[in-house]
Amino acid sequence: MPISFEHVSYIYSKNTPYEYAALKDVNLKITEGKITAIIGMTGSGKSTLVQHLNALLLPEEGTIEILDRTITAGTKPKQLKSLRKNVGLVFQFPEYQLFEETVLKDTAFGPKNFGVSEPEAILKAKQALQQVGIPETCYEKSPLELSGGQKRRVAIAGILAMDPSVLVLDEPTAGLDPSGTASMMKLFSRLNKELNKTVLIVTHDMEQVFRYCDEVVVVENGSIRTHMGVKEFFRDSSLCREMNILPPAVIRMRDMLNENGFAIDPSISDISALARAAAKQVKKHG
Ligand SMILES: Nc1ncnc2c1ncn2[C@@H]1O[C@H](COP(=O)(O)OP(=O)(O)O)[C@@H](O)[C@H]1O
Ligand SMILES: [Mg+2]
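Definitions and limits used
- Residues numbered from 1 in each chain as written.
- Chains lettered and ligands numbered in written order.
- Predicted model: local features only at pLDDT ≥ 70, side-chain atom pairs only at ≥ 80, totals over all residues.
- Helix = DSSP H or I, 4+ residues; strand = E, 2+ residues; numbered from the N terminus.
- Contact = placed C-beta atoms within 7 Å.
- Near = placed C-beta within 6 Å.
- Nonpolar A, V, L, I, M, F, W, Y, C, P; charged D, E, K, R; others polar.
- Domains from an automatic or database assignment.

### What about the environment of Ala 155?
Line of reasoning, step 1. With respect to the secondary-structure elements, Ala 155 resides in helix H5 (residues 148-160).
Line of reasoning, step 2. Here the alpha-carbon distance between Ala 155 and Ala 121, two residues 34 residues apart in the chain, equals 15 Å.
Line of reasoning, step 3. Once you skip the residues sitting within four places of it in the chain, Ala 155 turns out to touch Val 90, Pro 94, Glu 95, Gln 97 and Leu 98.

### Details of the site of ligand 1
Line of reasoning, step 1. Every residue near ligand 1 is listed here: Tyr 12, Ser 13, Tyr 20, Ala 22, Gly 40, Thr 42, Gly 43, Ser 44, Gly 45, Lys 46, Ser 47 and Thr 48.
Line of reasoning, step 2. Looking at the shell around ligand 1, the elements with two or more residues in it are strand S2 (20-30) and helix H1 (46-50).
Line of reasoning, step 3. In terms of residue count, H1 provides more of the shell around ligand 1 than any other element does, 3 residues in total.
Line of reasoning, step 4. When its residues are assigned to classes, the shell around ligand 1 shows 3 nonpolar, 8 polar and 1 charged.

### Section: the domain arrangement of the protein chain
Accessible area lost during the coming together of the parts is what is often quoted as the interface size.
Line of reasoning, step 1. If you check the domain split of the protein chain, you get domain 1 (3-247) and domain 2 (248-286).
Line of reasoning, step 2. For domain 1 and domain 2, the distance between their C-alpha centres works out to 35 Å.
Line of reasoning, step 3. Counting from both sides, the interface comprises 9 residues of domain 1 and, opposite them, 7 residues of domain 2.
Line of reasoning, step 4. Of all the secondary-structure elements, those providing two or more residues to the side of domain 1 that touches domain 2 are helix H7 (206-212) and helix H8 (230-235).
Line of reasoning, step 5. Among the residues forming the side of domain 1 that touches domain 2, the class breakdown is 4 nonpolar, 1 polar and 4 charged.

Structure below.
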């Protein structure tokens, strides 16, 4: 069953002079088992949107369907705890929320909080830390002793330890260096492909969207501007240009070549395929 938003609106600071409609009549269906990128300008409503997925924010109007449950405006959601266990939400800069004395304790906090016994919580924490590539030598360290990238991994491990079936990540690679970004994206891809987790990633990084995501949702001014397959989205970059989105480098290069007389297939998917296609045409005409 897809995750769906139907006519969802959300208003911050309702009935105050600061009232602000952050989501307006959002209709959206997210395919389970895929990696979906949520993109859009800062302030467009991406974080507000994803915080509805585990009922951290409740809709002012409309309904959200997720994992066999329905969240309806104006009613108190039931079994909130199991929803929060099954829909793991990783906030932007989650490393600021590490608070336990040791890395292992911090990671085990989630499963323990959701009723798992202490030894099992520790086991799940160790598995999750291994998944994110934190070495055992760090388990007894204070989270404060870790590097920025490691802290972020530990924070993500804390969510993975609960074994959610839907993983929602709000700008998980913001501020990471290119190798940190790549290994983080590979991790999400693995969780999707090997453990069949539905992954939603809020991001500004089109290189990562192009490379790792299946679908893309563009949020604009509190509404869904477009939702389509990633390949289709980058096939014709006039859409990106119109929305002020810088396409991935390989797509820009393809467009430049085509503007200069080449006829490269628009579905080209990586830099080596692009190079081969260009070389073939040079040989043919040169
Ligand atoms: N707690 C809040 N109170 C009032 N307005 C908010 C709050 N959080 C976000 N907003 C406003 O709602 C809009 C959408 O915010 P957000 O969902 O955080 O956007 P994004 O994640 O796309 O940058 C922005 O204009 C933002 O200023
Ligand atoms: Mg945000």
